[in-house]
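Per-entry structural report
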Amino acid sequence: MLSGFPIRKPSTARMEAMMDSGALEVVQDWYRTGNPDLLWSEIEWRVLESFPSGGIYRGRDDVINRFFPSVKAHFSAYETHPKTFMADGETVVTTGLYRIRSKSGVITEADFAHVWTVRDASIVAFRQIADTAAINASLGKI
């Protein structure tokens, strides 16, 4: 597990555009559990440069040991709430919102889209699209 971070809660919202896909199931499992075993050992994790700790992380250890602790240092709480899942072959697109609380106590909700690539029951790539302006504002950066 990822030491309780991010806080992953199953969305209570209706999942739209659901398609029968093994790739979709892997991504849903990731949101529910955060189990690092679902990440391919050589995953490429791309986070917007404008996001705290943004950049490219390569390999499962890089994601778990560098990215998550770094983001956790920015926020006192960080929850991912997926709402919509769409799948086409190996590609899964998830939309939803981040609910974050900054160290100063500011609570912000920011929209996101995540693009996942899944092969052989492992997530091999991730790309984030997010409302980084809202996130950075909560941290007092803009």
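Let us look at the structure shown here. (Residues numbered from 1 in each chain as written. Predicted model: local features only at pLDDT ≥ 70, side-chain atom pairs only at ≥ 80, totals over all residues. Heavy atoms only, no water.)

Re the packing of aromatic side chains
Both the distance between ring centres and the angle between the ring planes are used here to describe each pair of aromatic rings. Under the defined criterion, the tally for this structure stands at 16 aromatic pairs. Centre to centre, the rings of Phe-51 and Tyr-78 are 6.3 Å apart; their planes meet at 85 degrees, and the pair counts as edge-to-face. Pair noted here: Phe-51 is in the loop between strand E2 (39–47) and strand E3 (55–58) and Tyr-78 is in strand E4 (residues 75–88), with a separation of 27 residues, a long-range link. One exposure class covers both Phe-51 and Tyr-78, and it is buried. Three or more aromatic residues joined by ring pairs make a cluster, and in this case those are Trp-30, Tyr-31, Trp-45, Tyr-57, Phe-67, Phe-68, Phe-85, Trp-116 and Phe-126. (Phe/Tyr/Trp six-rings, centres within 6.5 Å; stacked < 30°, edge-to-face > 60°. Helix = DSSP H or I, 4+ residues; strand = E, 2+ residues; numbered from the N terminus. Buried < 20%, exposed > 50% of the residue type's maximum accessible area, 1.4 Å probe, protein only.)

Regarding unusual backbone geometry
Of note, the phi angle at Asp-120 is positive, near 50 degrees, even though the residue is not glycine. When you line up the elements, Asp-120 lands in the loop between strand E6 (107–119) and strand E7 (122–130). Taking the relative accessible area as the measure of exposure, Asp-120 reaches 79% and is therefore exposed. The backbone of Ala-121 sits at a positive phi, close to 65 degrees, despite the residue not being glycine. One can find Ala-121 in the loop between E6 and E7. Look at Ala-121 and you get exposed, because its relative accessible area is 54%.

A closer look at helix H1 (residues 22–33)
Over its twelve residues, H1 runs 16 Å from end to end, which matches the ideal 16 Å to within 8%, given 1.5 Å per residue. Looking at H1, one finds that the buried residues are Ala-23, Leu-24, Val-26, Val-27, Gln-28, Trp-30 and Tyr-31. Measuring from the backbone nitrogen of Ala-23 back to the side-chain oxygen at the start of H1 gives 3.1 Å, which picks out Ser-21 as the cap. In the segment just after H1, Gly-34 is the residue with positive phi, at about 65 degrees. (Expected span 1.5 Å × (residues − 1). Polar contact = N/O pair within 3.5 Å; in protein donor to acceptor, adjacent residues only side chain to side chain.)

Quick word on the pairing of E7
Where a strand is regular, its side chains alternate between the two sheet faces. The sheet contact formed by E2 and E7 spans four bridges and is parallel. Residue pairing for E7: Arg-46 is matched across the bridge by Arg-127. The pairing of E6 with E7 spans eight bridges and is antiparallel. Counterpart to Thr-117 in the pairing with E7 is Ala-125. (Pairing = 2+ DSSP bridges.)

A short note on the nonpolar core
Core analysis: the biggest nonpolar cluster contains 33 residues, and Trp-30, Trp-45, Phe-51, Phe-67, Tyr-98, Trp-116 and Ile-123 have the highest contact counts within it. Taken together, the elements giving at least two residues each to this core come down to H1, E2, helix H2 (60–74), E4, strand E5 (91–102), E6, E7 and helix H3 (132–138). A total of six residues in this core trace back to one element, the largest contributor, which is H1. Beyond its immediate stretch of four places on either side in the chain, Trp-45 contacts Trp-30, Leu-39, Gly-55, Ile-56, Tyr-57, Val-63, Phe-67, Phe-68, Trp-116 and Phe-126. (Core = buried A, V, L, I, M, F, W, Y, C linked by side-chain atoms within 4.5 Å. Contact = heavy atoms within 4.5 Å.)

Quick word on H2
Between its first and last C-alpha atoms H2 spans 21 Å; for 15 residues at 1.5 Å apiece the expected length is 21 Å, and the two agree. All buried positions along H2 are accounted for by Asp-62, Val-63, Phe-67, Phe-68 and Val-71.

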